[in-house]
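Below, each chain spelled out in residue letters.
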Amino acid sequence: MHISRRKTRQISVGNVKIGGDAPVSVQSMCSTDTRDVAATVTQIRQLEAAGCEIIRVAVPDDEAAQALPQIKAAMTVPLIADIHFDHRLALKAAEIVDCVRINPGNIGAWWKVEEVIKAVNERGIPLRVGVNGGSLERPLLEKYGWPSPEALAESALNAVRALEDVGFTNMKVSLKASDVHHAIDAYWLFAHQSDYPLHIGITEAGTAMTGAVKSSIGLGYLLAQGIGDTLRVSLAADPVEEVRVGFEILKSLELRHRGINVIACPTCGRVEIDVVKMANELEKKLGHIKTPLNVSVLGCVVNGIGEGKEADIGIAGGEGKGILFKKGKLVRKVPMEELMDTLIVEVEQLAKEKEAEGQGDLAPAVATQEWEPLVPQSAHSSTRGKEIPVLPRR
Ligand code: SF4
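Quick summary incoming for the structure in this document. Predicted model, so just to flag it, every value in this text is computed and none were measured. (Residues numbered from 1 in each chain as written. Predicted model: local features only at pLDDT ≥ 70, side-chain atom pairs only at ≥ 80, totals over all residues.)

Observations concerning the overall build of the protein
Inference 1: From N to C terminus, the protein includes 12 helices and 15 strands.
Inference 2: The 394 residues of the protein split such that 47% are buried.
Inference 3: Here the contacts in the protein between residues at least 6 apart in sequence split such that 64% fall between residues at least 24 apart. (Helix = DSSP H or I, 4+ residues; strand = E, 2+ residues; numbered from the N terminus. Buried ≥ 20, exposed ≤ 12 C-beta atoms within 10 Å, placed from the backbone. Contact = placed C-beta atoms within 7 Å.)

Considering the packing of helix H1 (residues 37–49) against helix H2 (residues 62–73)
Inference 1: Two elements in contact, H1 and H2, have axes whose closest approach is 10 Å; the angle formed by their N-to-C orientations is 40 degrees. Classed by the angle they form, the pair H1 and H2 counts as oblique. Crossing hand, H1 versus H2: right-handed. Taking contact as the criterion, the partners of Val37, Thr40 and Val41 in H1 are, on H2, Ala67, Gln70 and Ile71.
Inference 2: Residues of the contact of H1 with H2, tallied by class, amount to four nonpolar, two polar and no charged. (Axes fitted to C-alpha atoms, helices over the stretch in contact; angles between N-to-C directions. Parallel < 35°, antiparallel > 145°, perpendicular 65-115°, else oblique. Left-handed = near helix turned anticlockwise from the far one by under 90°. Nonpolar A, V, L, I, M, F, W, Y, C, P; charged D, E, K, R; others polar.)

Some points on the sheet that holds strand E11 (residues 260–264)
Inference 1: Reading across the sheet, the five strands line up as E11-E12-E13-E14-E15 and stay open at both edges, with mixed pairing between neighbours. Of all strands in the sheet, those with a lone pairing partner are E11 and strand E15 (329–335), marking the two edges. With direction set aside, neighbouring strand axes in the sheet form an average angle of 20 degrees.
Inference 2: Of the pairings in the sheet, the one linking E11 to strand E12 (residues 293–298) comprises five bridges and is parallel in character. Bridge assignment links Ile260 to a residue of E12, and that residue is Leu293. (Pairing = 2+ DSSP bridges.)

So, helix H6 (residues 149–165)
Inference 1: With 17 residues, H6 should cover 24 Å at 1.5 Å per step; its first-to-last C-alpha distance of 24 Å lies within 8% of that length.
Inference 2: All buried positions along H6 are accounted for by Pro149, Ala151, Leu152, Ala153, Glu154, Ser155, Ala156, Leu157, Ala159, Val160 and Leu163.
Inference 3: Tucked inside the fold, the buried residues of H6 contact helix H4 (110–123), strand E7 (127–132), helix H5 (138–144), strand E8 (171–176) and helix H7 (180–191).
Inference 4: Positive phi shows up at Gly167, right after H6, with a value of about 85 degrees. (Expected span 1.5 Å × (residues − 1).)

The structure is reproduced here in structure tokens:
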């Protein structure tokens with residue numbers, strides 16, 4: 001399926017480009033206390049190893065702001081500071097980080113926002129303007145009666161316009177709601193009225209399983225329509241899981257080709273090996289590989305090789321022995337107890353060969369194309385003076 005992505009402006013968060021023709025990036029947020037530098041850096045290293053491309057930390061007080069230089073010095077991917085309420089923390093963070101996230105709805109008087117703009121401009125770093133259903137401006141709540149998608153989109157557009165009015169355009173935007181429908185509608189409305197890049201996410205999505213499902217539906221729907229330039233899957237779980245789910249969403253839509261794609265059979269009465277355990281182990285042990293590779297784990301040889309012929313490499317269970325195959329062709333038989341280790345060694349080797357051939361990149365599978373919005377074209381190239389789109393019926 002070809003996804004035509006919405007054409008947006010492009011910004012840079014450190015060395016990661018967001019919007020324009022850049023691939024959709026995956027980010028996460030530390031769950032540690034930012035003041036605890038050692039714990040935060042440990043988690044950052046785990047996130048980096050999982051492929052996380054941008055990492056955000058909460059900066060709730062002065063002590064957390066003071067920890068930022070040490071944290072930043074210990075990481076390789078860009079750092080975003082998450083600021084609420086106190087603009088002075090944003091001013092301090094702006095001296096260190098690669099992007100500052102503020103919610104204009106809770107930062108207070110406009111002069112405070114202007115001070116933040118001055119600070120980020122001095123370092124040439126962008127802002128993430130994050131509006132949230134829980135902190136909408138009173139006039140919008142009175143106008144719409146509740147934090148509706150229309151209210152969220154209008155809040156974000158108002159913030160963008162106010163920033164543009166003082167000459168600031170180096171920003172990405174997020175509109176967070178925890179209800180999947182509301183989040184989709186809010187992003188959809190904004191996307192059809194502005195060309196700023198979007199950070200997409202379903203906020204407070206839930207635990208590892210429910211949150212992954214909600215995020216896959218919400219973000220998957222938006223991405224399939226070409227909306228979304230960077231994403232965070234919010235889970236009440238280890239943030240490494242957020243990164244894994246994020247890449248799985250992008251891989252499922254063929255928006256990114258990154259790392260190992262484990263193809264495991266559902267098992268049935270013919271199964272000869274512990275497919276579930278092996279598939280889970282593979283995902284864990286091969287999570288560091290960035291080269292795109294399809295790896296099959298199939299329960300038996302009856303249909304094994306045939307079912308796995310789309311895979312670059314795989315194993316299938318047999319009577320007392322397993323088989324190793326590549327591209328649907330038998331390579332050799334392997335004793336059961338050596339099957340897993342053999343596969344891991346072979347996958348590592350294959351990844352190295354592909355990298356040497358120049359196929360190890362995180363190349364996006366889909367280049368940015370001219371977007372075909374569902375409302376007239378005139379509605380998405382600017383943020384003002386255009387007709388307001390009507391939400392589609394779903
Ligand atoms: S590969 Fe074998 S065990 Fe797995 S579902 Fe197919 S027939 Fe069943």
